[in-house]
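Listed here are the chains, written in short residue letters.
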Amino acid sequence: MAKERDLEQHRLNDVAQEIDKQLQKAETFYDKAHSETRAVESNYIANTSINTAEVDDAMETNAEIQQQRSIVARVTETENIMAKTVGTLKLLRKSPYFGRVDIIEDNWPETLYIGLASLQDEAGNFLIYDWRAPISGIYYNGTLGKVAYPTPNGEQTVDLQKKRQFVIQDGQITSMFDTNETVGDEMLQYALGQQNDDVMRNIVATIQKEQNQIIRDTTSDLLVVQGVAGSGKTSAILQRIAFLLFHSREELNSDQIVLLSPNRLFSSYIADVLPSLGERNMRQVTLAEFFSARLQGLIVQTLFDRYEQEQHFIGQASYSVRQELESEQIVSLIDDYMAQLSASDIHFVDIYYEDKVFFGAQEFQAYLATLSTSYTIRERISQLQKHFMQVLTDRIESLQDADWVQTELDNLTDQEYQNLLGDDDLEETLVAENEDSVISLVAKRYLTKQWQAIDDALYNNFYLDIYQQYRSFLQYVMQQKNDEQAEWWRAKQRRFDLQLEYHRIDLEDAAPLLFLRDELTGGGTNQAMSYVFIDEMQDYAMAQLLYLKHAFPKAKFTVLGDSEQALFRQVETPQALLNKYAQGFDAQKPALIKLNRAYRSTHEIMNFAKALLPDGNDIVTFTRHGEKPSLRQAYPETIVEVLNDEVAQLRQNFQTVAILTKTAEQAELVLEALRRYPEKVQLLHAMDRTRTANVLVMPIYLAKGLEFDAVIGYDVSQSNYPDDKAIGLLYTLASRAMHALHLVTIGPVSPLIIQVQNTVASSLLVQ
Ligand SMILES: Nc1ncnc2c1ncn2[C@@H]1O[C@H](COP(=O)(O)OP(=O)(O)OP(=O)(O)O)[C@@H](O)[C@H]1O
């Protein structure tokens, strides 16, 4: 093997040399393209500032400007391409490849090296294959012997003779293994044994077979992934995005992909993965942000707000109303409500311009009443919209010669007047036969601009009083209930009103309200989105998922989560979930993939975590060993000392230590207890985007999706985690830890932990 290693090192040196050569060339090209762009841009700026007052000159300038614009576009594109090439070569330089496969294809032996991107020499030979190329699939899927990979002409079978993995650092091969497995465990041990960075890393060198299935799936329109904690769901999504971008380069760009993520901290945690693979990040949004943007900035309650509020009290009444509002049946209930609406049931608001009513609610109401009831309400609202847009256009036409408009035009500066005249419609200006009609044209443009906000309001259906309409929908539901339930719905209505006064809305109301609005207006859909990814699916209600499907009707959905980490709802079996989603989404090609192997935590931590679950035996732990989780008893008078001591101990060996609490209030208490700790301690809130310290304090729900070298579970006592409802919380807490887990209890420990000690003796060191 030593000789083999020399040969490999030799080859690596040659490839590194080739990369350096190409990089040098690319950088020179890039510099040239960059200077050319700057030159063309400054030329363009000089040309566009030419005085366009003289019509003939302006005509000429206009043609020139068009030409300049297209030159700018062309050189910018060249510059971008060169920048990408430089970026890719720089990526390759750090670690040119991580895998090698030897195959025999049609009796012809070939050796392929797999890396982050493809590299060809001048003669066109592939020195490195991109990990996403079809043939590279062999590296991830195949064991030695006959294997197949997809080609445009169907499956091609080859004989896989050798599979080799490398760890390369600073141009040196530091480890090298031959393996028959998908990706050998040595490489994984190496990758997983590292200390945690603040940001997630890509896993392309060690993607596992079942993860690869998720990454390379191009056929399912609904892919549901149920994966245990730390099984690589988030990693798989990100590599999948990189894969899809590579495969559909022509039709797909990262703006057509959106990831619904659990919180902002998570968004920044994963932000480096795609750039490290040479791709731009997809869009990212939390559910509350998504709803809020569609509700003109209304503050939408987050799951965390809801959880915190309910620490104190949640009555059966509000719980059961919520269940109904968040269920899939809400969509048909809205349809039923819509079907029985008459014109007089539609609520309108006035549209204002400069503090005066421009179109009154009465006007809308009166017009709607004139429309034939043979049309649906939605069709009538659409007719109404068109009608008022026409009224606005007519009003502009009729006023363009009005004296007050002329007076306002006279008060414009020359520049403002020229701007209205514009440079792109000059021909139209010239065709105008005399000065009068030029003035009329300017007047028309002036009014159109002034009243743009009215036009926008009509376009966006702002004349509908959607909040009042939703109240009336709640009333409709209420009428169908018995006395006791009707009272619950009345309370819901009152809470909705109250929240609205503060410009807020409960999460449970957001999806039904938006469904109702979109049903009335026929809007709310974004046809351009191609892929939607939903992480932590267990925290989404069916109504919310259905609204996302409605909002992105053309998109393929990848929905991932772990029902055991359900902090907020009941656990469901993966198959039941798939069936429910597939039916709701009307999926033609649904697929379910289960990930049972947990990579994040040591064997000892995961053994403890899985013992918390009733069906935890299905979880396969990765055999990376570490210290046993520990439990330490504290008392109110010793907790400050215990916490400081625990943090100090863990910091001796680990980079990041997170203290996870049940609630935000308890996180404040911990921060206070660590006031004198000599290092910076950061308390994280829902709105935070970045970690700035090595010692972190946060409630468990904010740690969703994240991981830390060491975790301290704060106060895992009977009072904090009293019964089965807290299993999801404790399991999530434990599975955030990569290398060490220390639990601290104030008073008697949670019965959930006692039960673990009883079933898996010695899974926990009691101090
Ligand atoms: N194939 C792999 N190679 C190397 N590391 C991996 C692999 N799969 C997962 N990991 C690592 O395991 C850890 C957990 O992965 P990830 O966060 O994607 O899991 P998850 O299923 O989303 O977890 P959770 O649901 O608990 O948030 C990460 O550090 C990730 O880098």
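Remember, predicted model here, so these are calculated numbers, not experimental data. (Residues numbered from 1 in each chain as written. Predicted model: local features only at pLDDT ≥ 70, side-chain atom pairs only at ≥ 80, totals over all residues. Heavy atoms only, no water.)

A. Geometry of the overall build of the chain. Looking only at helices and strands, the chain has 29 helices and 26 strands in total. In the chain, buried positions account for 51% of the 767 residues. For the chain, contacts bridging at least 24 residues in sequence account for 73% of all contacts bridging at least 6. Positive and negative side-chain charges in the chain, numbering 70 and 110 respectively, have mean positions lying 7 Å apart. (Helix = DSSP H or I, 4+ residues; strand = E, 2+ residues; numbered from the N terminus. Buried < 20%, exposed > 50% of the residue type's maximum accessible area, 1.4 Å probe, protein only. Contact = heavy atoms within 4.5 Å. Lys, Arg positive; Asp, Glu negative; His and termini not counted. Charge placed at Lys NZ, Arg CZ, Asp CG, Glu CD.)

B. Geometry of the pattern of salt bridges. All told, the structure shown has 36 salt bridges when counted by the stated rule. Arg249 serves as the salt-bridge partner of Glu279, at 2.9 Å between the closest nitrogen and oxygen. In this pair, Glu279 is assigned in the loop between helix 8 (273–276) and strand 10 (283–285) and Arg249 in the loop between helix 6 (233–247) and strand 9 (257–260), connecting sequence segments 30 residues apart. On the accessibility criterion, Arg249 (39% relative accessible area) is partly exposed. Each of Glu4, Glu8, Arg100, Asp102, Lys162, Arg164 and Asp178 takes part in a single network of salt bridges with overlapping partners. (Salt bridge = Lys/Arg side-chain N within 4 Å of Asp/Glu carboxyl O.)

C. Representation of the UniProt feature "binding site: ATP" (unreviewed entry) in the chain in the model. Following the UniProt record, the feature "binding site: ATP" (unreviewed entry) maps to Gly227, Val228, Ala229, Gly230, Ser231, Gly232, Lys233 and Thr234 here. Tracing the backbone through its elements, the reader meets Gly230 in the loop between strand 8 (222–227) and helix 6. Under the relative-accessibility criterion, Gly230 is labelled buried at 13%. Non-local contacts of Gly230, meaning those with residues more than four positions away in its chain, are made with Arg597, Ala598, Tyr599 and Arg600. With respect to the secondary-structure elements, Ser231 resides in the loop between strand 8 and helix 6. At 2.6 Å, the side chain of Ser231 forms a polar contact with the backbone oxygen of Val228. (UniProt positions renumbered as here; feature names shortened; annotations may be inferred. Polar contact = N/O pair within 3.5 Å; in protein donor to acceptor, adjacent residues only side chain to side chain.)

D. Looking closely at the site of the ligand. Thr206, Lys233, Thr234, Glu707 and Arg736 are the nearest of the 22 residues found near the ligand. Between the ligand and Gly230 there is a distance of 3.0 Å, counted from an oxygen atom to a backbone nitrogen or oxygen. If the ligand stood free it would expose 630 Å²; the protein chains cover 95% of that surface. For the shell around the ligand, the secondary-structure elements that each account for two or more residues are helix 4 (185–192) and helix 6. For the shell around the ligand, the element with the highest residue contribution is helix 6, accounting for three residues. The residue makeup of the shell around the ligand, split by class, is eight nonpolar, 10 polar and four charged. (Near = heavy atom within 4 Å. Areas by Shrake-Rupley, 256 points an atom, 1.4 Å probe, with all protein chains shown as cover. Nonpolar A, V, L, I, M, F, W, Y, C, P; charged D, E, K, R; others polar.)

E. View of the sheet that holds strand 23 (residues 695–699). Sheet architecture is open: seven strands sit in the order 22-23-21-24-25-20-26, paired in parallel fashion. Unpaired on one side and paired on the other, strand 22 (681–683) and strand 26 (765–766) mark the two borders of the sheet. The pairing of strand 24 (residues 708–713) with strand 25 (residues 737–746) spans five bridges and is classified as parallel. Opposite Ala710, over in strand 25, you have Ala740 as the bridge partner. In the packing of helix 27 (residues 664–673) onto the sheet, contacts are made with strand 21 (657–661), strand 22 and strand 23, and the angle to strand 23 comes to roughly 155 degrees. (Pairing = 2+ DSSP bridges. Axes fitted to C-alpha atoms, helices over the stretch in contact; angles between N-to-C directions.)

F. Summary view of the confidence of the model for the chain. Averaged over all residues, the pLDDT of the chain is 88; the fraction at 70 or higher stands at 92%. Within the chain, helix 17 (residues 426–431) has the poorest average pLDDT of any element, 55, and strand 21 the best, 97. Under a pLDDT of 50 for its full length, residues 50–55 has, in the predicted model, five contacts with residues more than four places off or in other chains. Across the predicted assembly, pTM comes out at 0.88 and ipTM at 0.99. (pLDDT = per-residue confidence, 0-100.)

G. Structural view of helix 26 (residues 639–653). Here helix 26 is 15 residues long and its end C-alpha atoms lie 22 Å apart, about the 21 Å a rise of 1.5 Å per residue gives. Inspection of helix 26 places Ile639, Val642, Leu643, Asn644, Glu646, Val647 and Leu650 among the buried residues, and these make up the whole buried set. Structurally, helix 26 contributes buried residues whose contacts are with strand 20 (630–634), strand 21, helix 27, strand 23, strand 24 and strand 25. (Expected span 1.5 Å × (residues − 1).)

H. Fine view of the packing of helix 12 (residues 329–339) against helix 20 (residues 466–479). Where helix 12 meets helix 20, the closest approach of the two axes is 11 Å, and the angle between their N-to-C directions is 100 degrees. By the angle between their axes, helix 12 is roughly perpendicular relative to helix 20. Every residue of helix 20 that contacts helix 12 at Ile330, Leu333, Ile334, Asp336 and Tyr337 is listed here: Gln469, Ser472, Phe473, Tyr476 and Val477. Here the contact of helix 12 with helix 20 is built from residues that sort into seven nonpolar, two polar and one charged. (Parallel < 35°, antiparallel > 145°, perpendicular 65-115°, else oblique.)

I. Broad picture of the sheet that holds strand 9. Reading across from one edge, 10-9-15-16-8-17 is the order of the six strands in this open sheet, with parallel pairing throughout. The open sheet has two free edges, formed respectively by strand 10 and strand 17 (590–595), since each of these has just one partner strand. Geometrically, the sheet is characterised by an average inter-axis angle of 15 degrees between neighbouring strands, direction not taken into account. Sheet topology places strand 15 (residues 531–534) next to strand 16 (residues 556–561); four bridges connect them, and they run parallel. When the sheet's bridge partners are listed, Ile534 is paired in strand 16 with Val559. Here helix 6 sits on the sheet and contacts strand 8, strand 9, strand 15, strand 16 and strand 17; the angle it forms with strand 15, its principal contact strand, is near 170 degrees.

J. The packing of aromatic side chains, seen in detail. Tallied over the entire structure, the rule returns 32 aromatic pairs. An aromatic cluster is defined as three or more aromatic residues linked by ring pairs; in this entry it consists of Phe348, Tyr353, Phe358, Phe359, Phe364, Tyr367, Phe388, Trp451 and Tyr463. Note that Lys163 overlies the ring of Tyr139, its terminal NZ or CZ placed 5.9 Å from the centroid. Its end group placed over the ring of Phe358, Arg395 keeps NZ or CZ at 4.9 Å from the ring centre. (Phe/Tyr/Trp six-rings, centres within 6.5 Å; stacked < 30°, edge-to-face > 60°. Lys NZ or Arg CZ within 6 Å of the ring centre and 35° of its normal.)

K. Quick peek at the packing of helix 20 against helix 22 (residues 507–521). The geometry of helix 20 relative to helix 22 is characterised by a closest axis approach of 10 Å and an angle of 110 degrees between their N-to-C directions. For the element pair helix 20 / helix 22, the angle class is roughly perpendicular. Residues Ile466, Tyr467, Gln469, Tyr470 and Phe473 of helix 20 touch helix 22, and the partners they reach there are Asp509, Pro512, Leu513, Leu516, Arg517 and Leu520. Across the contact of helix 20 with helix 22, the residue classes break down as eight nonpolar, one polar and two charged.

L. Representation of the pairing of strand 20 within the structure. Counting buried residues along strand 20, four of its five residues qualify, which places the element largely inside the surrounding structure. For strand 20 and strand 25, the ladder comprises five bridges, and the chain directions are parallel. Paired with Leu631 across the strands is Leu743, a residue of strand 25.

M. Layout of the nonpolar core. In terms of nonpolar packing, the biggest core is built from 208 residues, with Trp131, Phe291, Phe473, Leu520, Phe552 and Phe557 touching the most fellow members. Discounting chain neighbours no more than four positions away, the residues touching Leu520 are Met338, Leu341, Ile346, Ile377, Arg378, Ile381, Leu464, Ile466 and Gln469. Formed by 24 residues, the second largest nonpolar core is a distinct cluster that contains Val642, Val647, Tyr714 and Ala740. (Core = buried A, V, L, I, M, F, W, Y, C linked by side-chain atoms within 4.5 Å.)

N. Examining the environment of Gln120 more closely. With respect to the element layout, Gln120 can be found in strand 3 (residues 119–120). For Gln120, a relative accessible area of 39% puts it in the partly exposed group. Distance from Gln120 to Ala229, taken between C-alpha atoms, is 40 Å for residues 109 residues apart in sequence. Once residues within four sequence positions are removed from consideration, Gln120 is found in contact with Glu18, Gln22, Asn125, Phe126 and Leu127. Of the polar contacts made by the side chain of Gln120, one reaches the backbone oxygen of Gly124; its length is 3.1 Å.

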